[in-house]
Amino acid sequence: MEPASTIITKLGGPNAVAEITGVHRTRVSNWKRSKAVGGTGGTIPFNHVPKLLDAARERGIPLSADDFLPAPKEESAA
């Protein structure tokens, strides 16, 4: 689920992101799961955003705070 899936992939996968954030890799994987099954619905908890942005900058990976925001829902045509 987005945007977590894309960000985790950019940073090297769940193991790499777990190391950056100091949480277990299963917690990172839960960020990609729907809320219905105990995940975060694609949202990365805010307290991890600064660490992930710093890690991306250090690695030369293009990532900005805007990348952590969910995509706006498209309005259906009336």
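Details of the structure are given in the entry above.
Residues numbered from 1 in each chain as written. Predicted model: local features only at pLDDT ≥ 70, side-chain atom pairs only at ≥ 80, totals over all residues. Heavy atoms only, no water.

Caption draft 1: Region of the structure containing the side chain of Thr21. Structurally, Thr21 can be placed in helix α2 (residues 14-21). For Thr21, a relative accessible area of 4% corresponds to the buried category. One polar contact links the side chain of Thr21 to the main-chain carbonyl oxygen of Val17, over a distance of 2.8 Å. Here Thr21 is in contact with Val28, Trp31, His48, Lys51 and Leu52, once residues within four sequence places are set aside. (Helix = DSSP H or I, 4+ residues; strand = E, 2+ residues; numbered from the N terminus. Buried < 20%, exposed > 50% of the residue type's maximum accessible area, 1.4 Å probe, protein only. Polar contact = N/O pair within 3.5 Å; in protein donor to acceptor, adjacent residues only side chain to side chain. Contact = heavy atoms within 4.5 Å.)

Caption draft 2: The arrangement of the environment of Pro45 in detail. Mapped onto the secondary structure, Pro45 falls in the loop between α3 (25-30) and α4 (49-59). Using a relative accessible area of 27% as the deciding quantity, one classes Pro45 as partly exposed. Distance from Pro45 to Thr9, taken between C-alpha atoms, is 16 Å for residues 36 residues apart in sequence.

Caption draft 3: Seen up close, the packing of α2 against α4. Taken N-terminus to C-terminus, the directions of α2 and α4 make an angle of 115 degrees; their axes are 9 Å apart at the nearest point. Taken together, the axes of α2 and α4 are roughly perpendicular relative to one another. In terms of crossing hand, the pair formed by α2 and α4 is right-handed. Across the interface between the two elements, Val17, Ile20 and Thr21 of α2 pack against Lys51, Leu52, Ala55 and Arg59 of α4. Its residues assigned to classes, the contact of α2 with α4 shows four nonpolar, one polar and two charged. (Axes fitted to C-alpha atoms, helices over the stretch in contact; angles between N-to-C directions. Parallel < 35°, antiparallel > 145°, perpendicular 65-115°, else oblique. Left-handed = near helix turned anticlockwise from the far one by under 90°. Nonpolar A, V, L, I, M, F, W, Y, C, P; charged D, E, K, R; others polar.)

Caption draft 4: Quick peek at α4. Along α4, the positions that sit buried rather than exposed are Val49, Leu52, Leu53, Ala55 and Ala56. Buried residues of α4, seen end-on, are gathered within an arc of 160 degrees and therefore sit on one face of the element. Relative to its buried face, α4 has exposed residues pointing more than 90 degrees away, namely Arg57 and Glu58. The secondary structure elements touched by the buried residues of α4 are α2. (Arc of directions from axis to C-beta.)

Caption draft 5: The arrangement of the nonpolar core in detail. If you look at the biggest cluster of nonpolar residues, it comprises 18 residues, and the most contacted ones within it are Leu11, Val17, Trp31, Ile44, Leu52, Leu63 and Phe68. Of all elements in the fold, only α1 (4-10), α2 and α4 reach the threshold of two or more residues within this core. Element by element, the count of residues in this core is highest for α4, at five residues. Excluding residues within four positions of it along the chain, Leu11 makes contact with Ala16, Val17, Leu52, Ala56, Ile61 and Leu63. (Core = buried A, V, L, I, M, F, W, Y, C linked by side-chain atoms within 4.5 Å.)

Caption draft 6: The environment of Ser34, seen in detail. In this fold, Ser34 is placed in the loop between α3 and α4. Given a relative accessible area of 26%, Ser34 falls into the partly exposed group. When the C-alpha atoms of Ser34 and Arg59 are compared, they prove to be 29 Å apart, with 25 residues separating the residues in sequence. Leaving out residues up to four positions away in the same chain, Ser34 has contacts with Met1, Gly39 and Gly41.

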